[in-house]
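Understanding the architecture of this molecule
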Amino acid sequence: LVERFGEHPRMREALLKRGDLPATVRHALMLRVAQSLGGFVTDGGFLNAARKARVMDETTQTGTVAIARGTTDLGAFIAHLRGNGQLTPALLLRSVLGGDTAFIAAALADLCEMDPARVAGLVASRAEAAMAALLRRAGLPAFLHPVLNAAIRAAAGLPAAERRGDFSLAVIRAAQSACIDIPGEEGVRLMALLRRYEADAARQQSRTLAESLRREVSAERAQFSLLPPDI
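In this text the structure is predicted, and so the values were computed from the model without any measurement.

1. Some remarks on helix α10 (residues 145-156)
Across its 12 residues, α10 extends 16 Å between first and last C-alpha, which sits within 8% of the 16 Å expected from 1.5 Å per residue. By the criterion of burial, α10 is predominantly enclosed, with 9 of the 12 residues buried.

Shown next, in the form of structure tokens:
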């Protein structure tokens, strides 16, 4: 249905309403929507081709991570992404910057052909040598190893309540510290990407704080509204 009729909004809406929709199908629908929006943005002259590609790539990564968090069969979803060539180093980095290590642990288990429970234990242990060995065995670019290692260790040490956001400032800053020593153009591009993520994380944190203050003010007003009107 997605392949034949995925361009029809009503069909997509009907599929997305299904509670039993597999993560792989939900991801395919997301890609169809992204393609449609990408064409609209380019044809309308809102963004040039290079910036549109960057924005769409980062948006797709964010959506992929969100879908992964909601699936009960993460291994199958990882295999789907790998089979479609979408399990990229950039996606692995993006997944851990929110503080959740489940995605990257499952991905490393798939790439290294190891038991997922064993890899999850190694990630949770935050053992630097073990993580470095996993990243090498997974075939990830060498310049990313220290950044991913630092991000994984910082994410694994976060309290559970701080692991469900889009970004974690603590994890991003740990990745930035490791990025400083990367020479050449790779280090420059990676630091620029982390700076953008840091700005997004700061905005997200500000919105969360503002919403918390709004709820506190509303609660205080509700208390005073119970008093007689002449007070």
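2. Here we look at the packing of aromatic side chains
Applying the stated rule across the entire model yields 1 aromatic pair. Here the basic side chain of Arg 94 rests over the ring of Phe 167, its NZ or CZ set 4.1 Å away from the ring centre.

3. Topic: unusual backbone geometry
Generally, phi is negative for residues other than glycine and the peptide bonds are trans, each holding for most cases. In this structure, Glu 113 is a non-glycine residue whose phi angle is positive, near 55 degrees. You can see Glu 113 is positioned in the loop between α7 (102-112) and α8 (116-125). If you check the backbone angles, Arg 126 has positive phi at about 60 degrees while not being a glycine. By secondary structure assignment, the location of Arg 126 is in the loop between α8 and α9 (128-137).

4. A short note on the pattern of salt bridges
For the structure on display, the rule yields 13 salt bridges. Here Arg 82 and Asp 110 are joined by a salt bridge, their closest N and O atoms 2.7 Å apart. Note that Arg 82 is positioned in helix α5 (residues 74-83) and Asp 110 in helix α7, a separation of 28 residues in sequence. Owing to a relative accessible area of 40%, Arg 82 belongs among the partly exposed residues under this scheme. Relative accessible area serves as the criterion here: at 22%, Asp 110 is assigned to the partly exposed category. Ionic pairing is found between Arg 214 and Glu 211, a salt bridge with its closest N-O pair at 2.6 Å.

5. Observations concerning the nonpolar core
In this structure, Leu 87, Leu 92, Leu 97, Phe 103, Leu 108, Val 147 and Leu 190 are the most contacted members of the largest nonpolar core, which totals 54 residues. Sequence-distant contacts of Leu 108, defined by excluding residues within four places in its chain, comprise Val 119, Met 131, Leu 134, Leu 135, Ala 138 and Leu 140.

6. So, the environment of His 80
Within the element layout of this structure, His 80 appears in helix α5. On a C-alpha basis, the gap between His 80 and Thr 24 in space is 6.7 Å, while along the polypeptide they are 56 residues apart. If near-sequence neighbours (up to four positions away) are discounted, His 80 is found in contact with Thr 24 and His 27.

Reading the values: the criteria
Residues numbered from 1 in each chain as written. Predicted model: local features only at pLDDT ≥ 70, side-chain atom pairs only at ≥ 80, totals over all residues. Heavy atoms only, no water. Helix = DSSP H or I, 4+ residues; strand = E, 2+ residues; numbered from the N terminus. Expected span 1.5 Å × (residues − 1). Buried < 20%, exposed > 50% of the residue type's maximum accessible area, 1.4 Å probe, protein only. Phe/Tyr/Trp six-rings, centres within 6.5 Å; stacked < 30°, edge-to-face > 60°. Lys NZ or Arg CZ within 6 Å of the ring centre and 35° of its normal. Salt bridge = Lys/Arg side-chain N within 4 Å of Asp/Glu carboxyl O. Core = buried A, V, L, I, M, F, W, Y, C linked by side-chain atoms within 4.5 Å. Contact = heavy atoms within 4.5 Å.

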